[in-house]
Structures are given as C-alpha cells and as structure tokens.
Amino acid sequence: MPEDVPGVRAARITPLDVLRFLTELVALGSLALWGFLAWPLPWNFVFGLGAPALAILLWALFVSPKAVLAVHPFVRIIVELLIFLSATLAWWALGQPWVGLAVGVVSVAVGAIVARRNVD
C-alpha cells in the first residue's frame, strides 16, 4: 500500500478513539447481557440479540463517523445519549445500579470529550 498518495491522509487513531470504541462495546455488551439475563426463554434470545442489534443500527444510522443519515449534531448527541442511557438502565434492571452509574458517567464523559474535540 503506497504511503505517499497525494490527497490521501492516513487515519490517525488516538487513545480517545480507543476509549470511545470501548465505551460503545461496553454499552452493547450491557444490552446483550440484560437481554439474556432479564428475560425467560425464548424471549432472552430475542432481547439478548435484538437490543444490541437495535443499538448498532441506531449508531450506524446517526452517530457513526460515517453515518448513513446526515443529521444535526443535536440529534446525534440525543441518539448517543439514549444508547448509553439504555445500557445504564440495563444494569439497574439487573440489580447493579453502581455498575450502571459507572457505565453512564464514563460513557457520557468520553462522549462529551469527543464531541468537544470534533467542534474544535
């Protein structure tokens, strides 16, 4: 792969990008765990696979850096907050409110830093 192609910038992944990706994975994992543990058979498969799939779909449509739909930044932030709120509430529903609070605070803090970086 040629490195000196005119007009093409190499992608630079920062530690903040890695942290952002990890918070997204934790949110998806939280929703999957909630779906599999909070519901009886066969609903646990429906919610255990469906909740993270819905979150992935919303993320791809609105929040992703290469989002399918270009929306106002306010809409992006609302969708992102709803996904992280869902992960937080999933932990609360599993009887782990402190884990949910930690997931929510860290996710929102990282999201705010990323949003601030994207504004500058």
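Okay, so let's go over this structure. Note that the structure is predicted; figures quoted are calculated from it, not measured.

### A short note on the side chain of T23
- Secondary-structure assignment places T23 in helix 1 (residues 15-38).
- The residues contacting T23, other than those within four sequence positions of it, are F84, V106, S107 and V110.

### As for the environment of W92
- Structurally, W92 can be placed in helix 3 (residues 73-93).
- Sequence separation between W92 and V106 is 14 residues; the distance between their C-alpha atoms is 16 Å.
- The residues contacting W92, other than those within four sequence positions of it, are P97, G100 and L101.

### Here we look at the nonpolar core
- Counting 15 residues, the largest nonpolar core has A27, L31, W59, V63, V79 and I83 as the members making the most contacts within it.
- Of all the elements in the fold, those that place two or more residues in this core are helix 1, helix 2 (43-63) and helix 3.
- Among the elements that line this core, the one with the most residues is helix 3, at six residues.
- Look past the residues within four positions of V79 in its chain and what remains in contact with it is L58, F62 and V63.

### Remarks on the packing of helix 1 against helix 3
- Running from N to C, helix 1 and helix 3 cross one another at 45 degrees; their axes reach a closest spacing of 9 Å. Between helix 1 and helix 3, the angle falls in the class oblique. For the pair helix 1 and helix 3, the sense of crossing is left-handed. Residue-level contacts link R20, T23, E24, A27, S30, L31, L33 and W34 of helix 1 to E80, I83, F84, S86, A87, A90, W91 and A93 of helix 3.
- Of the residues contributing to the contact of helix 1 with helix 3, the split by class is ten nonpolar, three polar and three charged.

### Quick notes on helix 1
- The end-to-end C-alpha distance of helix 1 is 34 Å, a good match for the 34 Å that 24 residues give at a rise of 1.5 Å each.
- Where helix 1 is concerned, the buried positions are L16, R20, T23, E24, A27, S30, L31, A32, W34 and G35.

### Here we look at the layout of surface pockets
- Here the largest pocket defines a volume of roughly 530 Å³.
- Along the walls of the largest pocket sit 17 residues, with R20, P65, R76, V114 and N118 positioned nearest its centre.
- Every element with two or more residues in the lining of the largest pocket is listed here: helix 1, helix 2, helix 3 and helix 4 (97-119).
- Looking at which element gives the most residues to the lining of the largest pocket, the answer is helix 4, with six residues.
- The space that makes up the second largest pocket amounts to roughly 220 Å³.

### Points about the pattern of salt bridges
- According to the stated counting rule, one finds two salt bridges in the structure shown.
- For the salt bridge of R20 with E24, the shortest nitrogen-to-oxygen distance reads 3.4 Å. Placement of the pair is R20 and E24 together in helix 1, with a separation of four residues, close to one helical turn. Comparing R20 with E24, the two get one shared label, buried.
- Residue R20 is joined to E80 by a salt bridge in which the shortest nitrogen-to-oxygen separation is 3.1 Å. Pair noted here: R20 is in helix 1 and E80 is in helix 3, with a separation of 60 residues, a long-range link.
- Residue class for R20 comes out buried when judged on its relative accessible area of 10%.
- Salt bridges here are not isolated pairs; linked through shared partners, they connect R20, E24 and E80.

Scoring rules and cut-offs
Residues numbered from 1 in each chain as written. Predicted model: local features only at pLDDT ≥ 70, side-chain atom pairs only at ≥ 80, totals over all residues. Heavy atoms only, no water. Helix = DSSP H or I, 4+ residues; strand = E, 2+ residues; numbered from the N terminus. Contact = heavy atoms within 4.5 Å. Core = buried A, V, L, I, M, F, W, Y, C linked by side-chain atoms within 4.5 Å. Buried < 20%, exposed > 50% of the residue type's maximum accessible area, 1.4 Å probe, protein only. Axes fitted to C-alpha atoms, helices over the stretch in contact; angles between N-to-C directions. Parallel < 35°, antiparallel > 145°, perpendicular 65-115°, else oblique. Left-handed = near helix turned anticlockwise from the far one by under 90°. Nonpolar A, V, L, I, M, F, W, Y, C, P; charged D, E, K, R; others polar. Expected span 1.5 Å × (residues − 1). 1 Å grid on protein atoms, 1.4 Å probe; cavity = no way out; pocket = protein on both sides within 12 Å on 5 of 7 lines; lining within 4 Å. Points joined across faces, edges and corners; volume = space filled by probe spheres on them. Salt bridge = Lys/Arg side-chain N within 4 Å of Asp/Glu carboxyl O.

Everything listed is a geometric property; what it means functionally is a separate question.
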